[in-house]
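Structural overview
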Amino acid sequence: MKTLTVFYSRTGNTKKIAQETAKLVQGDIEEIIDEKNRNGLLGWLISGMDAILKKYTSIKQIKKNPSQYDMVIIGTPMWATNISTPIRTYIHNYKDDFKNVAFFCTSAGNRPKDTLKMFKDMENLCGKNPVALVSFSERDIKTNSFEKINEFAEKIKKLEL
Ligand SMILES: Cc1cc2nc3c(=O)[nH]c(=O)nc-3n(C[C@H](O)[C@H](O)[C@H](O)COP(=O)(O)O)c2cc1C
């Protein structure tokens, strides 16, 4: 099975999980780069507004064609209980190229209701049911509580696609 892990990360948390996931599933990785500057407090505020308004952004040219993969694993930080704008844009632009999807997210806290709502939104945008889901709080990441990634990766690897 050919697997691609796609992620956006403003401050490194989602990147950490994406790198570990790609390593475990032995697949390729693609970082989504936003053309919009989201640094600092202003960047934070703009990002929150963009996410609430479900806006799109301009992302840099991708390097890996998702249609070449059996599985696309998509990772996003949570922004104002929503999908981050760069990942919303990626899904919007390439959803027709996905064969199978799995999702992960990172967030400051652990609010299952918000996470489920966000995953549902990703599912609707992709038009596909995810085969696996997992979420990480900042605490999980700081304490390297990565067991959940192993379970997530194992679930994906066991699929016969
Ligand atoms: C604009 C913005 C809004 C956020 N909103 C939430 C939120 O609603 N709930 C939450 O738990 N964390 C929220 N966070 C925290 C991030 O989801 C969390 O720090 C995440 O791990 C950041 O990932 P990154 O380092 O890959 O960018 C928000 C962060 C930003 C920048």
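**Re the overall build of the protein**
When you go through the protein residue by residue, the secondary structure sums to 6 helices and 6 strands. Each helix (α) and strand (β) of the protein, taken in turn from the N terminus, gives the series β-α-β-α-β-β-α-β-α-β-α-α. Taking 2.2 N^0.38 as the reference for a compact globule, 161 residues should give roughly 15 Å; the C-alpha atoms of the protein span a radius of gyration of 14 Å, in line with that estimate. Considering only contacts in the protein between residues 6 or more positions apart, those separated by 24 or more positions represent 77%. Split by element, the accessible area of the protein, about 8500 Å² in all, is 49% carbon and sulfur. The distance from the centre of the 26 positive side-chain charges to the centre of the 19 negative ones in the protein is 4 Å.

**Description of the side chain of Thr89**
Summarising the element assignment, Thr89 is placed in helix H3 (residues 85–94). Taking the relative accessible area as the measure of exposure, Thr89 reaches 3% and is therefore buried. For Thr89, the side chain forms a polar contact with the main-chain nitrogen of Thr57, separated by 2.9 Å. Other than its neighbours up to four places away in sequence, Thr89 contacts Tyr56, Thr57 and Ile59.

**Things to note about the packing of H3 against helix H4 (residues 112–126)**
Between H3 and H4, the shortest axis-to-axis distance is 9 Å and the interhelical angle comes to 25 degrees. On the basis of the axis angle, H3 is roughly parallel to H4. Where H3 approaches H4, its residues Ile87, Arg88 and Ile91 are matched on the opposing element by Asp121, Met122, Leu125 and Cys126. Its residues placed into classes, the contact of H3 with H4 shows 5 nonpolar, no polar and 2 charged.

**Regarding the pairing of strand S5 (residues 101–107)**
The side chains of a regular strand alternate, first on one face of the sheet and then on the other. The element S5 is extensively covered by neighbouring structure, given that 7 of its 7 residues are classed as buried. Alternating residues of S5 divide into Val101, Phe103, Cys105 and Ser107 and Ala102, Phe104 and Thr106, and every residue in both groups is buried. Relative to strand S6 (residues 133–137), S5 is paired through 5 bridges, and the arrangement is parallel. What sits directly across from Thr106, in S6, is Phe136. Crossover handedness for the path S5 to H4 to S6: right-handed.

Analysis parameters
- Along each chain, numbering runs from 1 in the same order as the chain's sequence is written.
- Reporting in this predicted model follows two pLDDT cut-offs: at least 70 for local features of residues, and 80 or more for side-chain atom pairs to be given and counted; totals over whole chains, interfaces and linings ignore these cut-offs and use all residues.
- Each side-chain value is worked out from all heavy atoms of the structure, with water and hydrogens disregarded.
- Each helix corresponds to a stretch of at least 4 residues labelled H or I by DSSP, and each strand to a stretch of at least 2 residues labelled E; elements are numbered beginning at the N terminus.
- Throughout, the radius of gyration refers to the C-alpha atoms, and the reference size of a globule is 2.2 Å times the residue count to the power 0.38.
- Any two residues whose heavy atoms approach within 4.5 Å are treated as being in contact.
- Residue burial considers only the protein chains on display, and all accessible areas are found by Shrake-Rupley using a 1.4 Å probe.
- All tallies of charge rest on Lys and Arg as positive and Asp and Glu as negative; His and the ends of each chain are not included.
- To locate a charge, the coordinates of NZ of Lys, CZ of Arg, CG of Asp or CD of Glu are taken.
- Using a 1.4 Å probe on the protein chains alone, a residue whose accessible area is under 20% of its type maximum counts as buried, one over 50% counts as exposed, and one in between counts as partly exposed.
- Any pair of N or O atoms that falls within 3.5 Å is considered a polar contact. Within protein, one atom must be able to donate a hydrogen and the other to accept it, and sequence-neighbouring residues count only if both atoms are side-chain atoms.
- Axis definition: a line fit to C-alpha positions, over the contact stretch in the case of helices; interaxial angles, taken between N-to-C directions, run 0 to 180 degrees.
- Each angle receives one of four descriptions, namely roughly parallel if under 35 degrees, roughly antiparallel if over 145, roughly perpendicular if within 65 to 115, and oblique otherwise.
- Gly falls in the polar group here, along with every residue not listed as nonpolar (Ala, Val, Leu, Ile, Met, Phe, Trp, Tyr, Cys, Pro) or charged (Asp, Glu, Lys, Arg).
- The pairing criterion for strands is at least two bridges between them, as found by DSSP.
- Looking down the strands as they point away from you, a crossover is right-handed if its path from the first strand over the helix to the second goes clockwise.

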